[in-house]
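# Structural characterization, general
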Amino acid sequence: MHPHEIEAESFRIIEAEAGPHGFAADTWQVLRRMIHTSADFDYLHSVRFHPQAISAGVAAIRGGRTVITDTHMAAAGIRKPDAERFGVAVQCYMDDPAVHAAAASAGATRAAAAVAAAVAERPDGIYVIGNAPTALLRLIELVRSGVARPALIVGLPVGFVNAAESKAALLELNHPFITNAGRKGGSNVAAAVVNALLILAA
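Residues numbered from 1 in each chain as written. Predicted model: local features only at pLDDT ≥ 70, side-chain atom pairs only at ≥ 80, totals over all residues. Heavy atoms only, no water.

### Some words on the packing of helix α8 (residues 110-121) against helix α9 (residues 133-144)
Helix-helix packing: each pair is described by the crossing angle between the helix axes and the interaxial distance. Defined as follows: In this analysis an axis means a line fitted to C-alpha atoms, helices contributing only their contacting stretch, and an angle means the value between N-to-C directions, from 0 to 180 degrees. Elements are defined by DSSP. Helices are runs of H or I of four residues or more, strands are runs of E of two residues or more, and each kind is numbered from the N terminus. When the near helix sits turned anticlockwise from the far one by under a right angle, the crossing is termed left-handed; a clockwise turn instead gives a right-handed crossing. Contacts are assigned to residue pairs with any non-hydrogen atoms lying within 4.5 Å of each other. In this classification, the charged set is Asp, Glu, Lys and Arg, the nonpolar set is Ala, Val, Leu, Ile, Met, Phe, Trp, Tyr, Cys and Pro, and all remaining amino acids, among them Gly, are polar.
In the contact formed by α8 and α9, the axes pass within 7 Å of each other and the chain directions differ by 40 degrees. Along this stretch, α8 crosses α9, giving a crossing that reads as right-handed. Residues A111, A112, V115, A116 and V119 of α8 form the contact with α9, whose own contacting residues are T134, A135, R138, L139 and L142. When its residues are assigned to classes, the contact of α8 with α9 shows 8 nonpolar, 1 polar and 1 charged.

Written as structure tokens, this is what we have:
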């Protein structure tokens, strides 16, 4: 099978196994790609969309907003030709020496320091967090303080320490987000959300 045939067949299987779901067409395109990437149908029940999430994400992409990721894995998973079509850059601050120094000085994680550095330069970017709960918690603090104004927050950190809690905090934020309840997530799923939004933007 050719790659496009494999993808089409995968989506056919997802549609069949998901059954009736009640998601709007654009929301379903995002969720379906999350399931396609993870082979995990639990997202049918755990995914959470802010009412303005899709429209805000698509508008931000069409406006050429920068995508900031918390891992290089998430950045690598985003389709660069699709992003470049809209002039969208994808950046990860994790390897910045200044971020390393700031994290050491503050006794914080590099992920939290990287978010703070990104917000200083790109307060209105699209923030994509698929690994580090500390990054999401720091971003939420910066939004609440009025320092950060993300166009969209894709908050899908994975793990056992503060992953579920950070996403619960995001749900309380009156700001466009795409997230899920619980411990599951990951850089691959976060990148899949962005790819789905890129397709919708096109």
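Having seen it, we continue.
### Description of the pairing of strand β6 (residues 177-180)
The following threshold applies: Each residue is assigned to one of three classes by its accessible area relative to the maximum for its type, calculated with a 1.4 Å probe on protein chains only: buried under 20%, partly exposed between the two thresholds, exposed over 50%. Strand pairing follows a simple DSSP-based rule, namely that at least 2 bridges must link the two strands. By the criterion used throughout, a crossover qualifies as right-handed when its path from the first strand across the helix to the second strand runs clockwise, the strands pointing away from the viewer.
Residues F177 and T179 of β6 are buried on one face, and the alternating residues I178 and N180, pointing to the opposite face, are buried as well. In this sheet, β6 lies alongside strand β1 (residues 47-49) in antiparallel orientation, the contact comprising 3 bridges. For V47, the partnering residue across the bridge sits in β6 and is N180. As paired strands, strand β5 (residues 152-155) and β6 are joined by 3 bridges and run parallel to one another. Following the sheet pairing, I153 is matched in β6 by F177. Following the backbone out of β5, through helix α10 (residues 163-171) and into the adjacent parallel β6, one traces a crossover that is right-handed.

### Quick look at the pattern of salt bridges
Keep this limit in mind: The rule for a salt bridge is simple: a side-chain nitrogen of Lys or Arg has to be within 4 Å of a carboxyl oxygen of Asp or Glu.
Scanning the model with the defined rule gives 10 salt bridges in all. The partner of D124 in a salt bridge is R65, with the nearest N and O atoms 3.9 Å apart. Here R65 lies in the loop between α4 (53-62) and β2 (67-69) and D124 lies in the loop between α8 and β4 (126-129), a separation of 59 residues in the sequence. A residue is classified by how much of its surface remains accessible, and D124, at 30% relative accessible area, is partly exposed. Overall, R65 belongs to the partly exposed group, its relative accessible area being 32%. With a shortest N-O distance of 3.9 Å, R110 and D95 are connected by a salt bridge.

### Notes on empty space enclosed by the protein
Stated formally: Lining residues are defined by having an atom within 4 Å of a point belonging to a cavity or pocket. Those points lie on a 1 Å grid over the protein atoms alone, cavities being sets where a 1.4 Å probe fits but cannot get out and pockets being open sets with protein on both sides within 12 Å along at least five of seven lines. Grid points are joined across faces, edges and corners, and a volume is the space filled by probe spheres set on the points.
The full count for this structure, using the stated rule, is 1 cavity of 30 Å³ or more. Roughly 70 Å³ of internal volume is contained in the largest cavity. Lining the largest cavity are I68, T69, D70, Y93, M94, A111, A114, V115, A118, Y127, V128 and I129. Breaking the lining of the largest cavity down by element, the ones donating at least two residues are β2, α8 and β4. If you tally residues by element for the lining of the largest cavity, the top one is α8, at 4 residues. Grouping the amino acids of the lining of the largest cavity by side-chain chemistry returns 10 nonpolar, 1 polar and 1 charged.

### What about unusual backbone geometry?
Backbone geometry at A39 places phi at a positive 55 degrees, although glycine is not the residue there. Inspection of the secondary structure assignment puts A39 in the loop between α2 (25-38) and α3 (43-46). Positive phi is not limited to glycine here, since N162 has a value of about 70 degrees. The topology assignment puts N162 in the loop between β5 and α10.

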